[in-house]
Amino acid sequence: MSKPFSLYIHIPFCLHKCSYCNFNSYATAQIPERDYVAGLLSEFDYYISQPEWQNRAINTIYLGGGTPSLFSAAAITKLLTQIFKTTVVDDLVEISLEANPGTVTYDRLLGYHEAGVNRLSLGAQSFSVKVLAFLGRIHAPHHVEEAVAFAKSAGFNNISMDLIYGAPQQSLADLQYDLKEVLRLAPAHVSAYSLSLEKGTRLYKAWRKNLFSVPRDGQVIRQSHELVTVLEDNGYQRYEISNFARPHREARHNQAYWSGGDYLGLGAGAHSYLADTLPTPKRLGQRWSNVCDPAKYMEQATSRGQAVAFKEALSIKEAIFEFFFLGLRKITGVDLEEFEQRFGITADRVYGNAISLLNRGGFIKIEENRLKLSSKGLLVADSVMESFAAPKVNSAELSLKPTRQTLSPAEPVDACGLPQAKLPQAIGAEWKL
Ligand code: SF4
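This paragraph deals with the overall build of the chain. The number of helices and strands found in the chain is 15 helices and 17 strands. Looking at the chain as a whole, 45% of its 433 residues are labelled buried. Across the chain, every contact between residues at least 6 apart in sequence was considered, and the portion connecting residues at least 24 apart equals 76%.

Here is the structure:
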């Protein structure tokens, strides 16, 4: 059997749209649970019968959103049961589900656990009433504590918590209190996002009207430093720019993304990536995304098994940048030998100037043939990554032949919020070098 892959399932429904949210999510009181599950299963059946995905085990499943915890335990059970029936699932499969603390009950969490979900990702964001109100969250701080208690009683021993810092209403003391609460509730994993203002969100519009001002650079960097210090001092290892885990509790699903593994995305706006598994001419990987609108998605997925809106094969430059961009997110960095094996050229040859400049500036370091961000580089991670955005590639030096097959060139890849967009923003990402 060939290499296993990861499965992402997007559930785009929420009770209320948070002020900062630019994900592909829709506030609705009427969730078309049955029809949506039917679309997901029809889409899954379609892909799993294709040669690229057939006879491959699934080793991680991630139910993200939106608010997957709005779906009943019966719906999640139906979905997972059908997936387990149709394909081989790794014995040690990691199955994560994102839950909004304001939407869970003990019974519902028990049902998810019995369905096979073994990792719960709680969108705590903050334990401050004023910060939660500013973010437009539907839950109160006590809901997080209740959700953790329900989850533990239901059998979950792998709980992750999302935190936001650098919000306009958030002081350093607020963040310190958040961290104290996190340590008290002791999740196995913490993801920490610095708040970013995304166009189209309520928050962005309010900022344009000068209804609030953003925190100063120094304040956000100080919060980031506090967060890293407190978590590391308390046994959480930082293994990715914004992710911290107790030993052996790293998120395997996200690690698969950062390591360039194949993933199949189901659901409205979901993205998929397939590496170079196709025959000659060898390709550098291809990715595609589904229509964003849930109604269109359900109609297309149910009637023809797929709802693709955009598809492209990666160019050499895109593949090289993606390798660097994803690799640098990991604290262990980019494996330079793997780079050379994959692209048939050294990273120095492609990036020589950028590498030596960043190295001299102390933003990156090279240890044991791995190129990684230094502590200084971690604070300005996005800017460092931008330095790798334009690899100097002479196609004649490479044996790879990129092909491009854009189905819908007018639609940008992240038209409705990538699953990848749910990956944390770089800590201090907004600060330029
Ligand atoms: S942030 Fe999460 S809960 Fe809030 S609207 Fe977006 S997807 Fe829904």
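From this point, things continue past the structure.
Running from N to C, helix H3 (residues 106-115) and helix H5 (residues 141-154) cross one another at 45 degrees; their axes reach a closest spacing of 9 Å. It follows from the interaxial angle that H3 and H5 lie oblique. The handedness of the crossing between H3 and H5 is right-handed. Contacts between H3 and H5 involve Tyr106, Leu109, Leu110 and His113 from the first element and Phe150, Ala151, Ser153 and Ala154 from the second.

The next thing to look at is the sheet that holds strand E16 (residues 364-367). One open sheet holds the three strands; their spatial order is E15-E17-E16, and the pairing between them is antiparallel. With one partner strand each, in any of the chains shown, strand E15 (334-335) and E16 form the two edges of the open sheet. In terms of strand pairing, E16 meets strand E17 (residues 370-373) through four bridges, oriented antiparallel. Bridging across to E17, Ile364 finds its partner in Leu373.

Under the 1.5 Å per step criterion, the end-to-end length of helix H13 (residues 347-360) is only 17 Å for 14 residues, more than 12% shorter than the ideal 20 Å. Along H13, the residues classified as buried are Ala347, Val350, Tyr351, Ala354 and Leu358. One or two residues past the end of H13 sits Gly362, with phi positive at roughly 80 degrees.

This paragraph deals with the site of the ligand. Close contacts around the ligand come from Cys14, Lys17, Cys18, Cys21, Phe23, Ser25, Gly65, Gly66, Thr67, Asn100 and Gly123, and that covers them all. Grouping the amino acids of the shell around the ligand by side-chain chemistry returns four nonpolar, six polar and one charged.

Before going further, it helps to spend a moment on the environment of Leu357. Mapped onto the fold, Leu357 is located in helix H13. Taking the number of C-beta atoms within 10 Å as the measure of exposure, Leu357 has 13 and is therefore partly exposed. Linking Leu357 and Ser387, residues 30 residues apart in sequence, is a C-alpha distance of 9.8 Å.

So, on to unusual backbone geometry. Looking along the chain, the bond that leaves Gly65 and enters Gly66 is cis, with omega of 20 degrees. Assignment of secondary structure puts Gly66 in the loop between strand E4 (56-65) and helix H2 (73-86). For Ala186, which is not a glycine, the phi torsion comes out positive at approximately 50 degrees. Note that Ala186 resides in the loop between helix H6 (172-185) and strand E8 (189-194). Positioned with a positive phi, Glu368 is a non-glycine residue whose angle comes to about 50 degrees. Looking at the element boundaries, Glu368 is found in the loop between E16 and E17.

Moving on, we get to H3. For H3, the complete set of buried residues consists of Leu109, Tyr112 and Ala115. For H3, the angular spread of the buried residues around the axis is 120 degrees, confining them to a single face.

What follows concerns the packing of helix H1 (residues 33-48) against H2. Contact geometry of H1 with H2 gives a least axis separation of 10 Å together with a crossing angle of 15 degrees. On the basis of their axis angle, the class for H1 and H2 is roughly parallel. Regarding H1 and H2, the two cross each other, and that crossing is right-handed. Judged by residue contacts, Glu33, Val37, Leu40, Leu41, Phe44, Asp45 and Ile48 of H1 engage Ala75, Lys78, Leu79, Gln82, Ile83 and Thr86 from H2. For the contact of H1 with H2, the class distribution of residues is eight nonpolar, two polar and three charged.

Of the residues in the chain, 88% have a pLDDT of 70 or more, and the chain-wide mean is 89. Every residue in residues 398-414 is under pLDDT 50, and counting partners more than four places away or in other chains gives 36 contacts.

Cut-offs used in this document
- Residues numbered from 1 in each chain as written.
- Predicted model: local features only at pLDDT ≥ 70, side-chain atom pairs only at ≥ 80, totals over all residues.
- Helix = DSSP H or I, 4+ residues; strand = E, 2+ residues; numbered from the N terminus.
- Buried ≥ 20, exposed ≤ 12 C-beta atoms within 10 Å, placed from the backbone.
- Contact = placed C-beta atoms within 7 Å.
- Axes fitted to C-alpha atoms, helices over the stretch in contact; angles between N-to-C directions.
- Parallel < 35°, antiparallel > 145°, perpendicular 65-115°, else oblique.
- Left-handed = near helix turned anticlockwise from the far one by under 90°.
- Pairing = 2+ DSSP bridges.
- Expected span 1.5 Å × (residues − 1).
- Near = placed C-beta within 6 Å.
- Nonpolar A, V, L, I, M, F, W, Y, C, P; charged D, E, K, R; others polar.
- Arc of directions from axis to C-beta.
- pLDDT = per-residue confidence, 0-100.

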